[in-house]
There are 2 protein chains.
Amino acid sequence: MDSAGETRTIRRRILQHNEDLAAELRADFERAGVFVVNVVSSPGSGKTELLQRTMAALHPGVRVAAVTGDLATENDADRLALSGAPVRQILTGTMCHLEADMVAEAISEWQLDDFDLLFIENVGNMVCPSGFDLGEDLRVMLVATTEGEDKPLKYPTLTLTADVAVISKIDLAEPVECDVDLLAANLDEVRPGIEILRTSAKRGDGIEQWLDLLRARIGAKSAAKAD
Amino acid sequence: MDSAGETRTIRRRILQHNEDLAAELRADFERAGVFVVNVVSSPGSGKTELLQRTMAALHPGVRVAAVTGDLATENDADRLALSGAPVRQILTGTMCHLEADMVAEAISEWQLDDFDLLFIENVGNMVCPSGFDLGEDLRVMLVATTEGEDKPLKYPTLTLTADVAVISKIDLAEPVECDVDLLAANLDEVRPGIEILRTSAKRGDGIEQWLDLLRARIGAKSAAKAD
């Protein structure tokens, strides 16, 4: 086999290994009735800001926890822990995305039955996380008004695997001259029918709608478990 | 060899293959006396905006060309081509960074002797491009005020391999409440002594300084060729 063929084989093996572990994680999440959300975006799109506000709003009524991935620093875990909910930082070193085994390791000391909702905040990267299932129920893609309207078109692999798109920082749409309708239309062009929320974690726009979406999904999952 | 060991071996081989090709590219660039700049940042940090303004200012007095990488769309090439300078789009599909062979292929029909300056606009990604030498003389890292002050700390691999840091979108520092001094201090903490420019491609701040830096480096390289 040539070098390129060998690389493809290894890559397929890595992805298959991840798929297997993700399936195990998904079964664990299912048994515990915990609803799992994988949050993916560029660096600086506001993942941590959104989750910080979300966790503060939900905890402790909804039993929420989070794992957050970064190459370096525990900044995000520190911010999310302000909510009072359990949080683990995953330090990936030079790795550009989270894989299922990192999530499994990070949550290994938790009792999943203790939680209704688990957030997985991925490494800031619009490309590589797309290929790695983490056993989540919902993949949420953030795209900030500050990044420009064309990002869904330029990063189709993420857009195509997202279940919900959160347009973040809409309070900044005017100063950065972002046409939010065009951004939403571009999301819908790549992923027709995708649910799109327009939010500002700072100002509060769209946050109630986001919390309602989460509550409805959590309720549906725990009802399925009770059956 | 176990699967992880095999993966490491293949990864080392990919990197080594890239190093070899990058060395060839660098020798070609050297012979032609063309100064090459690899521009790396998150999606939406303003790489294209900066290069569009830069190329319009330099062309045709400085003989400039550009190759630009994206997963999909030719938007960036179209924007850069407005300058009148030669531009090639590299479509990477699902690939999260440019490699030396993609650059070699993209420039294969050009005569390098025709150029003083070649920009390589990388795929929007703060992680993966860091490991791939493209034969460039200068690696420029962009970080936008809209991304927050902590990005140099959270993405140290890029920061550590950058020669120059361009803080972009400083016209937006106030509305997004970015402390530009803190952002600069974080860059300097990870990469002590790195040259830092504070720019707004839209408003023009720092652009003369950026053009002066490029002109000085181009002059030094063509003088070296003449020797």
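Everything here concerns the structure above.
What counts, and where the lines are drawn
- Residues numbered from 1 in each chain as written.
- Chains lettered and ligands numbered in written order.
- Predicted model: local features only at pLDDT ≥ 70, side-chain atom pairs only at ≥ 80, totals over all residues.
- Heavy atoms only, no water.
- Core = buried A, V, L, I, M, F, W, Y, C linked by side-chain atoms within 4.5 Å.
- Buried < 20%, exposed > 50% of the residue type's maximum accessible area, 1.4 Å probe, protein only.
- Helix = DSSP H or I, 4+ residues; strand = E, 2+ residues; numbered from the N terminus.
- Least-squares fit on C-alpha atoms with pLDDT ≥ 70 in both.
- Contact = heavy atoms within 4.5 Å.
- Pairing = 2+ DSSP bridges.
- Buried area = accessible area lost by both parts, 1.4 Å probe.
- Salt bridge = Lys/Arg side-chain N within 4 Å of Asp/Glu carboxyl O.
- Disulfide = S-S within 2.5 Å.
- Phe/Tyr/Trp six-rings, centres within 6.5 Å; stacked < 30°, edge-to-face > 60°.
- Axes fitted to C-alpha atoms, helices over the stretch in contact; angles between N-to-C directions.

**Q** Just checking my understanding: could you explain the nonpolar core for this structure?
**A** Val127(A), Ile167(A), Leu187(A), Val127(B), Ile167(B) and Leu187(B) are the most contacted members of the largest nonpolar core, which has 48 residues in total. Where this core is concerned, the elements lending two or more residues are strand S5 (138-144), strand S6 (164-168) and helix H7 (180-190) of chain A together with strand S5 (138-144), strand S6 (164-168) and helix H7 (180-190) of chain B.

**Q** Is there a simple way to explain the relation of the copies chain B and chain A in this structure?
**A** Mapping between the two chain copies consists of a rotation about an axis together with a translation along that axis. Mapping chain B onto chain A calls for a screw motion: a turn of 180° about the axis and a shift of 0.0 Å along it, with 0.0 Å RMSD after fitting. In short, the pair behaves as if placed about a two-fold rotation axis. Counting the interface residues of chain B, we find that 100% of their copies in chain A are interface residues as well, pointing to one common contact surface.

**Q** What should I look at first to understand the pairing of S6(A) in this one?
**A** Each regular strand shows side chains that alternate between the opposite faces of the sheet. Residues and elements named next belong to chain A. Of all five residues in S6, five are buried; the element is thus mostly enclosed. Across the two faces of S6 the burial is the same, with Val164, Val166 and Ser168 and Ala165 and Ile167 all buried. Here S5 runs beside S6; their pairing, made up of five bridges, is parallel. Counterpart to Met141 in the pairing with S6 is Ala165. In this structure, S6 lies alongside strand S7 (residues 195-198), joined through four bridges in parallel fashion. In the strand pairing of S7, Val166 is matched with Leu197.

**Q** Would you mind showing me how to read the interface of chain B and chain A here?
**A** Interfaces are frequently sized by the accessible area removed from exposure as the parts join. In this complex, chain B contributes 39 residues to the contact, which on the side of chain A involves 39 residues. Of all residues in chain B, the largest losses of buried area upon contact with chain A belong to Pro43(B), Leu71(B) and Lys154(B), amounting jointly to 18% of the total for that side. On the surface where chain B and chain A come into contact, there are six salt bridges. Residue Glu177(B) is joined to Lys202(A) by a salt bridge in which the shortest nitrogen-to-oxygen separation is 3.6 Å. Sorting the residues of the side of chain B that touches chain A by element identifies helix H1 (3-32), helix H3 (75-81), helix H5 (151-154) and helix H6 (156-161) of chain B as the ones contributing at least two each. When residues of the side of chain B that touches chain A are assigned to their parent elements, the largest contribution, six residues, is made by H1(B).

**Q** Is there a simple way to explain the state of the cysteines in this structure?
**A** Should the sulfur atoms of two cysteines be covalently bonded, the bond is a disulfide. Counted by the stated rule, this structure contains zero disulfides over all chains. With no disulfide partner, Cys128(A) has as its closest neighbouring cysteine sulfur the one in Cys128(B), 3.3 Å distant.

**Q** When you look at the packing of aromatic side chains in this model, what are you seeing that I'm missing?
**A** The geometry of an aromatic ring pair is captured by the separation of the ring centres together with the interplanar angle, meaning the angle of the planes. Residue and element names in this part refer to chain A. Using the criterion set out here, one finds two aromatic pairs over all chains in the structure. Ring geometry for Trp110 against Phe115: centres 5.4 Å apart, planes inclined by 70°, an arrangement best described as edge-to-face. Judged by its relative accessible area of 7%, Phe115 falls in the buried class.

**Q** Teacher, can you tell me more about the pattern of salt bridges here?
**A** Pairing is possible between side chains that carry opposite charge, provided their charged atoms lie close to one another. According to the stated counting rule, one finds 34 salt bridges over all chains in the structure shown. We note a salt bridge from Asp150(A) to Lys151(A), for which the minimum N-O separation is 2.7 Å. Comparing Asp150(A) with Lys151(A) shows no difference in burial state: the two are buried. Salt bridges sharing partners connect three or more residues here, namely Asp70(A), Asp76(A), Asp150(B), Lys151(B) and Lys154(B).

**Q** Explanation requested: the sheet that holds strand S7 (residues 195-198) of chain B in the structure shown.
**A** By way of backbone hydrogen bonds, the strands of a sheet pair with one another, either parallel or antiparallel. Residue and element names in this part refer to chain B. Strands sit in the order S3-S2-S4-S1-S5-S6-S7 across an open sheet of seven strands; the sheet is parallel. In the strand order of this sheet, the two ends are held by strand S3 (87-91) and S7, each with one partner. The mean angle between the axes of side-by-side strands here comes to 20°, regardless of whether they run parallel or antiparallel. Of the strands in this sheet, S5, S6 and S7 touch H7, which is tilted by about 160° from S7.

**Q** Quick question: what am I supposed to make of the environment of Asp188(A) here?
**A** Looking at the secondary structure, you find Asp188(A) in helix H7. Between the C-alpha atom of Asp188(A) and that of Thr159(A), which follows or precedes it by 29 residues, the distance is 9.2 Å.

**Q** Explain unusual backbone geometry here, please?
**A** Along the chain, His59(A) connects to Pro60(A) via a cis peptide bond; the corresponding omega equals 0°. In this fold, Pro60(A) is placed in the loop between helix H2 (47-58) and strand S2 (64-70). Phi is positive for Lys169(A), which is not a glycine, with a value near 60°. Positionally, Lys169(A) belongs in the loop between S6 and H7. Judged by relative accessible area, which is 17%, Lys169(A) ranks as buried. The backbone of Glu177(B) sits at a positive phi, close to 55°, despite the residue not being glycine. Looking at where Glu177(B) falls in the secondary structure, it is placed in the loop between S6 and H7. A relative accessible area of 61% means that Glu177(B) is categorised as exposed.

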